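# Descriptive structure summary
This is what each chain is made of:
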Amino acid sequence: MNRNLNKKYNHIEIEKDRYQQWVKSGLFKANVSSINPTFSIILPPPNVTGLLHLGHAWDSTIQDLLIRYKRLQGFNTLFIPGMDHAGIATQVKVAQRIKEEQKLNLQELGKDKFLQQAWKWKTEYAQNIRKQWAKLGLALDYSHEVFTLDENVKQAVNEVFVKLYKEGLVYRGKKIVNWDPELKTAISNIELNYHETKGKMYYLKYFIENSSEFITIATTRPETMFADQCIVVNSKDKRYLQFIGKMVINPANKMLIKVIADDYVDMNFGTGAMKCTPAHDANDYEIALRHNLAMPICMNVDGTMNELAQSYINQDRMVCRKQLVEQLRKENLVVKVEDHLHQVGYSERSNAIIESYLSQQWFIKMKPLVEMIIDKQKNKKTKIDFHPILFEQQLLQWLNNIQDWCISRQLWWGHSLPVWYHKKTKKIYVDTNPPSPINDYIQESDVLDTWFSSGLWPFVTLGWPQKNVDLQKYYPISVLVTAYDILFFWVARMMFMGWKFTNQKPFTNVLIHGLIRDEQGRKMSKSLNNGIDPMEVIKKYGADALRYFLVSNCAPGQDLRFSITKVESAWNFNNKLWNAARYVLMNIDDKFQLDENIVYNNSLSFIDQWILQELNQLIIYVEQYMEKYEFVLVVKALSNFIWNKYCSWYIELNKVNLQNQEQQSNSLQTLYYVLQQIIIMVHPFIPFITEAIYEEMGYKNSILTNKFPKVKVMEKTKVVTQFVEILIEIIGNIREIRKELNLSLKLPLTIHINTTNSFFEVEKNTLNPYLLQLTNSQIVTISDSPLSVNNKIIKIINSAVIEINVSNLFNKEEQLAKLKGELVYIENEIKRSKDILNNQQFLAKAPPTKVEIEKQKLEKYQNQKKLINAKIKEL
């Protein structure tokens with residue numbers, strides 16, 4: 001035991017090398033042979049594209065505190081680390097590096113050499129991410145670490161793809177996708193950023209064949225006119241009924257296209273008539289399917305125009321737009337051009353404007369899988385519990401409108417599809433094993449969407465498709481923790497993949513948190529230059545301070561605003577805990593041994609009994625709200641107990657006990673025991689400092705090998721609570737008197753208690769040692785009559801009036817004014833309580849305990865009012 005802790009809390013020294021010791025000792029490894037109940041968490045795999053940001057820090061801190069908490073509760077825990085290859089994101093980053101360092105583009109470099117560079121990148125950034133996990137103190141079992149391109153994951157991905165294909169759930173076809181013309185690949189919705197963009201709305205003339213009449217069409221994308229297949233109007237729109245079935249002239253290429261009717265058209269939007277370009281718009285594509293229209297494409301994959309654009313061939317789409325409109329102006333085919341502010345999709349990776357583009361891709365049929373999830377969520381036995389529950393409702397609503405999932409990407413970095421095409425017959429071969437003879441086939445060049453392999457994460461991280469002990473023991477995953485922004489893209493996919501391939505729910509609970517924003521509530525971004533590096537915060541304030549801030553300032557599901565002031569407050573809390581530990585260890589000798597039997601014996605002082613009663617209440621509260629994932633409430637309770645009850649009051653009052661030979665031994669035991677229980681309870685939130693204190697207390701093993709505190713059986717007496725509450729109230733008022741009258745602490749004060757409560761007479765001699773030590777005052781007289789002196793100061797407490805003779809230091813008029821001010825406050829509180837207790841809705845809905853508390857408040861205020869009025873009359 002080290003009885004000489006450093007005078008100052010130094011997070012750098014405390015956190016240095018401690019994580020490496022934890023890992024080296026095997027502290028975080030799951031015990032597969034344990035018979036204890038299991039608790040497992042999978043770390044949402046960060047992309048190997050860069051460093052962890054604050055969102056990662058928040059997400060992983062929540063998971064880590066749950067793992068540590070459950071470990072302390074006796075669970076056999078497993079916290080699985082992993083990383084995602086992040087197909088398109090990583091390919092872009094690696095391509096940028098190659099361009100900067102080697103002055104080559106991907107085509108010049110070639111696929112094989114690119115993949116070598118990509119794996120080199122992965123190794124480099126994986127190591128950086130592990131260092132950051134260490135800085136955060138994550139209790140990860142590295143023997144279970146998985147990368148989404150590991151061989152066992154490839155095997156699992158191929159097996160899943162093949163099975164889905166053979167069941168008819170995976171298919172190849174032409175559909176509208178989000179197309180990045182710069183990266184030349186389909187991308188997912190999550191890789192899109194929508195921005196309000198200043199554009200133009202072009203109103204163009206489509207003349208009726210052999211007529212001077214025309215239909216005006218409004219479009220934001222004139223360059224797609226070369227692929228128009230018809231004009232569409234609503235069958236109920238009287239303005240256009242006479243044109244249905246007629247032919248109109250496409251102003252761009254002068255070809256004839258038909259006017260058709262479809263109820264999709266909104267008669268009140270634009271001109272009420274729209275051009276239909278099936279290969280370049282998702283809604284137009286659906287119309288084309290209903291009306292059996294052709295779907296020609298007028299653009300190349302790089303965003304340039306193809307041969308359908310005639311004289312504009314090979315021009316960039318934006319250049320074509322400008323020149324085409326100028327040509328149409330010359331031909332008097334432009335009615336008008338208006339400024340138009342609209343939402344435009346940009347590629348998250350290349351920042352190119354996305355095209356809706358008809359492309360040959362691989363898809364998963366979502367309807368049967370979605371129906372399966374919805375059915376499972378209706379059954380209490382099979383449903384996954386969402387916290388907060390509103391996210392389950394949002395997910396189900398989204399699933400009801402889901403489209404088939406495009407799973408192929410035109411990239412080099414990712415999972416190859418287990419698909420081959422026969423060179424001559426073009427027949428498709430799909431299997432986990434390559435075809436034979438392999439030279440007769442060409443493998444599909446596309447790779448799978450990153451979310452495909454991520455969707456298998458809960459079970460592939462445990463070794464699936466092999467059946468092993470890990471899978472049997474730790475699956476389903478106990479809790480999935482993630483942000484709401486990937487609820488649809490990741491959580492939903494894991495749900496249907498889990499049920500489909502394991503016939504079990506992938507996880508029991510889903511805990512959703514929000515996003516981290518800056519202090520003004522803005523999203524953190526490079527353009528705003530408002531991003532915060534969590535490693536810089538840790539360097540300055542420590543991981544414990546950052547962790548404590550992240551989990552103590554935001555309700556479940558809500559966004560969190562970063563505040564350096566609140567991080568500093570978290571550091572101050574850690575410093576307070578450190579100083580408390582230092583005080584405790586300074587007051588015990590080397591022979592000290594904790595005896596928990598002594599802690600709960602009947603000879604404890606009121607002060608010791610009080611802190612132990614409060615500790616019991618804290619344990620109950622923490623366990624109750626940890627199970628509900630209400631970490632803000634847990635931290636608030638822990639902070640209040642540690643800072644206010646233990647440090648500010650118990651330690652100060654305990655100093656009196658330590659000077660009493662009869663109480664000294666018991667008080668030291670209580671002082672030490674409560675500190676031990678505190679640091680175990682708060683350990684999941686601030687692991688480094690609590691481990692350091694635990695070590696200094698003389699324990700050889702890690703704090704994680706201990707057990708979470710249990711409520712101890714003890715008689716909770718009202719007199720204990722009453723004694724401490726009154727003592728604290730008197731001390732507070734005496735300190736206030738000294739401050740108000742600027743009285744030195746060296747000046748002793750004598751107290752008269754004006755009361756009919758027999759408690760003061762009984763406990764006078766027990767109260768006085770504390771009052772003398774902390775306020776240099778003592779109770780001298782007690783009666784139901786006031787002091788018969790003019791120069792006195794008065795303070796009202798719950799069941800009595802404190803009176804102090806302060807001759808020559810007292811101003812009667814000031815005291816009267818103060819009492820009248822207190823009376824106004826008390827009368828307002830009485831009115832508030834009465835209003836609440838007269839509110840029938842409150843009485844009907846509020847728990848009985850809450851109603852009783854309000855009644856007690858009212859009674860207390862009414863008693864205080866009587867005492868204040870009596871003192872005003874007396875003065």
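Residues numbered from 1 in each chain as written. Predicted model: local features only at pLDDT ≥ 70, side-chain atom pairs only at ≥ 80, totals over all residues. Heavy atoms only, no water.

### Re the nonpolar core
Counting residues in each nonpolar core, the largest one holds 150 residues, and the members touching the most others are Leu-66, Phe-631, Tyr-646, Phe-685, Ile-730 and Phe-760. Element by element, the count of residues in this core is highest for helix H21 (residues 631–658), at 15 residues. Within the second largest apolar cluster, 63 residues are counted, among which are Val-170, Ile-364, Phe-386 and Phe-489. (Core = buried A, V, L, I, M, F, W, Y, C linked by side-chain atoms within 4.5 Å. Buried < 20%, exposed > 50% of the residue type's maximum accessible area, 1.4 Å probe, protein only. Helix = DSSP H or I, 4+ residues; strand = E, 2+ residues; numbered from the N terminus.)

### Some thoughts on the sheet that holds strand S5 (residues 170–180)
Reading across from one edge, S6-S5-S14-S16 is the order of the 4 strands in this open sheet, with antiparallel pairing throughout. Edge strands, defined here as strands with exactly one partner in the open sheet, are strand S6 (185–187) and strand S16 (405–406). Pairing between strand S14 (residues 355–364) and S16: 2 bridges, direction antiparallel. Of the residues in S16, the one forming a bridge with Ile-364 is Trp-405. Those strands touched by helix H8 (residues 282–291) are S5 and S14, and its axis lies near 145° from that of S5. (Pairing = 2+ DSSP bridges. Contact = heavy atoms within 4.5 Å. Axes fitted to C-alpha atoms, helices over the stretch in contact; angles between N-to-C directions.)

### Regarding helix H15 (residues 487–502)
Its 16 residues give H15 an end-to-end C-alpha distance of 21 Å, which sits within 8% of 22 Å, the value for a rise of 1.5 Å per residue. The buried count for H15 comes to 14 of 16 residues, which makes it a mostly enclosed element. Just downstream of H15 lies Asn-503, where phi reads positive at about 60°. (Expected span 1.5 Å × (residues − 1).)

### What to know about the state of the cysteines
Enumeration over the complete set of coordinates arrives at 0 disulfides. Lacking any disulfide linkage, Cys-298 is separated from the closest cysteine sulfur, that of Cys-320, by 7.7 Å. (Disulfide = S-S within 2.5 Å.)

### Details of the pattern of salt bridges
Within the structure shown, the criterion is met by 37 salt bridges. We note a salt bridge from Lys-154 to Glu-151, for which the minimum N-O separation is 3.5 Å. Remark: Glu-151 and Lys-154 occur in helix H7 (residues 151–166); sequence separation between them is 3 residues, near one turn of the helix. Using a relative accessible area of 30% as the deciding quantity, one classes Lys-154 as partly exposed. Lys-383 serves as the salt-bridge partner of Glu-392, at 3.5 Å between the closest nitrogen and oxygen. A single burial state applies to Glu-392 and to Lys-383, both of which are buried. Within the structure, one salt-bridge network assembled from shared partners comprises Glu-736, Glu-740, Lys-795 and Lys-818. (Salt bridge = Lys/Arg side-chain N within 4 Å of Asp/Glu carboxyl O.)

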